[in-house]
Number of protein chains: 2
Amino acid sequence: MGILCAARFYVKVHVAVQQRIPESMASPFRTPEQRAEERSVKRQAVLRAAVSMFNERGFHATLLEDVAASLGISKPTIYHYLGNKEQVLLECVAIGLERFLAAADEAHQLEGSGLDRLRHFLTLYAQVNMDDFGRCVIRTGPEPLSPEGAHSLRERKRRIDGAMRAFIEEGMADGSIACTDPKLLAFTLAGALNWPARWYVPGGELSAETIARQMVDILTVGLAPRR
Amino acid sequence: MGILCAARFYVKVHVAVQQRIPESMASPFRTPEQRAEERSVKRQAVLRAAVSMFNERGFHATLLEDVAASLGISKPTIYHYLGNKEQVLLECVAIGLERFLAAADEAHQLEGSGLDRLRHFLTLYAQVNMDDFGRCVIRTGPEPLSPEGAHSLRERKRRIDGAMRAFIEEGMADGSIACTDPKLLAFTLAGALNWPARWYVPGGELSAETIARQMVDILTVGLAPRR
């Protein structure tokens, strides 16, 4: 029996044994799947603790020691799961960026006019800005990052801007959006909806969703009354 | 002759001599006014060099040594004219805040509806956000500051928000502004017009004034076409 067959045989027996024996006698050794799952749960816990500290104190004032202490672990444990402080930040930013891109995908599926899709995207976009990972994307400038980190952040932010621009252009084409300069319009919308990343505090009078909807309404109808 | 009279006599003679004698023989000693003027010019030069470095590199990555070097002076000279790095930052922020408040005063003088005054204020506000000192106000969060510094910054930012809110409420009262939640409207407008502090680069395709006017137009008419 070659090594590979032996390995396969071992896995089969191991799983079979685990399934047959009562809980109290189950193998104390975890399966590869269990180990991967546990690793992912631990990484997520570190990232959630870190992102909330980055948002509250800023990147420079956040110490990985404090993030570790909040989870009852040591700094080397964070190095083991995620790497150094910049790598932890980049990972938080990556999660936030994924949420923005998922918002664009969801809006893209929607039936209706360009304005409908843009409004749907903007409402989700504003909500991502009020969750910890989205907020971290907005609050992270290039300053604390290495040149490669800053480049990667810029590239991914550009994809989100591109998605917003595409919805605007669809709406201009079908007549549902009034616009002369899509680039400036995208900047205006993004700025308005990025701002909650700086002032929103969870648990306030209005929910993130209500704030998002009302801001998008303001941007849709404008300041001047429609008569 | 008492000491005061002697001093007055000295000043008179000193001024008289300065006026009578040819330039080449003028006193090498400066008058108190000249000294105050020179001090102010030097402070301004330090502040301009510092603000541009804060905006470009961030507060933490800016070293007063580098600010000093860019002016051909030493770090203790900056301490002498302005104090430590936080004091230099607070001074830059104070200049920016003054410009925002001056914009509110100018708009306040304007004849017309609440919307007219708000639009005028917003257009100036956006332009201040694109100059170095205004940009520094927006880019400075409470993180790098001492608790007193952060408190003072927050208080002064609140005055600007208050000015914007007042224009909105005037416009709601005279029917020139459509709004259900003035607080959320103020946040939406401020966010949109603060954003250029993060992306505007002087010398680009559009001037700061053009960008400001176009953004205010977008916010006034909204996304949806007016039919």
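I will try to describe carefully the structure that is included in this document. (Residues numbered from 1 in each chain as written. Chains lettered and ligands numbered in written order. Predicted model: local features only at pLDDT ≥ 70, side-chain atom pairs only at ≥ 80, totals over all residues. Heavy atoms only, no water.)

## Points about the overall build of chain A
- Looking only at helices and strands, one finds 11 helices and 0 strands in chain A.
- Its helices and strands taken in sequence order, chain A reads α-α-α-α-α-α-α-α-α-α-α from the N to the C terminus.
- Expressed as a percentage of its 227 residues, the buried residues of chain A come to 42%.
- Within chain A, contacts between residues at least 6 apart in sequence are counted, and of these 63% link residues at least 24 apart. (Helix = DSSP H or I, 4+ residues; strand = E, 2+ residues; numbered from the N terminus. Buried < 20%, exposed > 50% of the residue type's maximum accessible area, 1.4 Å probe, protein only. Contact = heavy atoms within 4.5 Å.)

## Considerations on the relation of the copies chain B and chain A
- Rotating chain B by 180° and moving it 0.0 Å along the rotation axis overlays it on chain A with an RMSD of 0.1 Å. With respect to symmetry, the two chain copies, as superposed, fit the operation of a two-fold axis.
- The overlap is high: 100% of the interface residues of chain B also sit at the interface in chain A, so the same surface is used on both sides. (Least-squares fit on C-alpha atoms with pLDDT ≥ 70 in both.)

## Some thoughts on the nonpolar core
- The biggest cluster of nonpolar side chains holds 132 residues, and the ones touching the most others in it are F121 and M164 of chain A together with F121 and M164 of chain B.
- A total of 12 residues in this core trace back to one element, the largest contributor, which is helix α5 (residues 85-109) of chain B.
- Here F121 of chain A is in contact with F100, A103, A104, A107, I160, M164 and F167 of chain A, once residues within four sequence places are set aside. (Core = buried A, V, L, I, M, F, W, Y, C linked by side-chain atoms within 4.5 Å.)

## Some words on the pattern of salt bridges
Residue and element names in this part refer to chain A.
- Using the criterion set out here, one finds 20 salt bridges over all chains in the structure.
- The salt bridge partner of R43 is E91, with a shortest N-O separation of 3.1 Å. A residue pair is termed long-range when its members are at least 10 positions apart, and R43 in helix α2 (residues 32-57) and E91 in helix α5 (residues 85-109) qualify at 48 residues.
- Classification of R43 by relative accessible area gives partly exposed; the value is 23%.
- Across the salt bridge formed by E209 and R213, the nearest N and O atoms sit 2.9 Å from each other. Here the residue E209 and the residue R213 both occupy positions in helix α11 (residues 208-221), the gap between them amounting to 4 residues, near one helical turn. (Salt bridge = Lys/Arg side-chain N within 4 Å of Asp/Glu carboxyl O.)

## What about the side chain of R117 of chain B?
Residue and element names in this part refer to chain B.
- As for its position among the elements, R117 is in helix α6 (residues 114-129).
- Look at R117 and you get buried, because its relative accessible area is 13%.
- Looking at R117, its side chain comes within polar contact range of the main-chain oxygen of L110, at 3.1 Å.
- Apart from the residues lying within four places of it in its own chain, the contact partners of R117 are A107, H108, L110, E111, G112, F167 and E170. (Polar contact = N/O pair within 3.5 Å; in protein donor to acceptor, adjacent residues only side chain to side chain.)

## A closer look at the state of the cysteines
Residues and elements named next belong to chain A.
- Tallied over the entire structure, the rule returns 0 disulfides over all chains.
- In this model C92 remains outside any disulfide bridge; the closest cysteine sulfur is found in C136, 5.1 Å from its own.
- Look at C92 and you get buried, because its relative accessible area is 0%. (Disulfide = S-S within 2.5 Å.)

## Re helix α8 (residues 147-173) of chain B
All names here are of chain B.
- With 27 residues, α8 extends 38 Å between its outermost C-alpha atoms, agreeing within 8% with the 39 Å of an ideal straight helix rising 1.5 Å per residue.
- All of the buried residues along α8 are G149, A150, L153, I160, A163, M164, F167, I168 and G171.
- As for α8, its buried residues are in contact with α5, α6 and α9 (182-194).
- G175 occupies a position one or two residues after α8 and carries a positive phi of about 80°. (Expected span 1.5 Å × (residues − 1).)

## A look at helix α7 (residues 132-139) of chain A
All names here are of chain A.
- Where burial is concerned, most of α7 is hidden: 6 out of the 8 residues are buried.
- Within α7 the residues assigned to the buried category are F133, G134, R135, C136, V137 and I138.
- Buried residues along α7 sit against α2, α5, α6 (114-129), α8 (147-173), α9 (182-194) and α10 (196-199).
- For α7, the side-chain oxygen to backbone nitrogen distance between the N-cap and F133 is 3.0 Å, and the N-cap itself is D131.

## Describing the environment of L115 of chain B
- Tracing the chain through its elements places L115 of chain B in helix α6.
- Once the C-alpha coordinates of L115 of chain B and T62 of chain B are considered, the two residues, 53 residues apart in sequence, prove to be 41 Å apart.
- Sequence-distant contacts of L115 of chain B, that is, excluding residues within four places in its chain, are made with L223 and A224 of chain A together with G171, S176, I177 and T220 of chain B.

## Regarding the packing of α5 of chain B against α8 of chain B
Residue and element names in this part refer to chain B.
- Across the interface, α5 lies against α8 with an axial gap of 11 Å and an inter-helix angle of 15°. The angle between the axes of α5 and α8 places the two elements in the roughly parallel class. Classified by chirality, the crossing of α8 by α5 is left-handed. Counted together, E86, L90, V93, A94, L97, F100, L101, A104, A107 and H108 of α5 and G149, L153, R156, K157, R159, I160, A163, F167 and E170 of α8 form the full contact between these two elements. (Axes fitted to C-alpha atoms, helices over the stretch in contact; angles between N-to-C directions. Parallel < 35°, antiparallel > 145°, perpendicular 65-115°, else oblique. Left-handed = near helix turned anticlockwise from the far one by under 90°.)

## Some thoughts on the environment of R154 of chain A
- With respect to the helices, strands and loops of the structure, R154 of chain A is situated in helix α8.
- Considering only alpha carbons, one finds R154 of chain A and A166 of chain A, 12 residues apart in sequence, at a separation of 18 Å.

## Looking at the interface of chain B and chain A
- Chain B puts 40 residues into the contact, and the matching count from chain A is 40 residues.
- Carbon and sulfur atoms make up 67% of the area that chain B and chain A hide from each other, which totals about 3500 Å².
- The three residues of chain B that bury the most area against chain A are L184, W195 and L223 of chain B, which together make up 22% of that side's buried surface.
- On the surface where chain B and chain A come into contact, there are 0 salt bridges. (Buried area = accessible area lost by both parts, 1.4 Å probe.)

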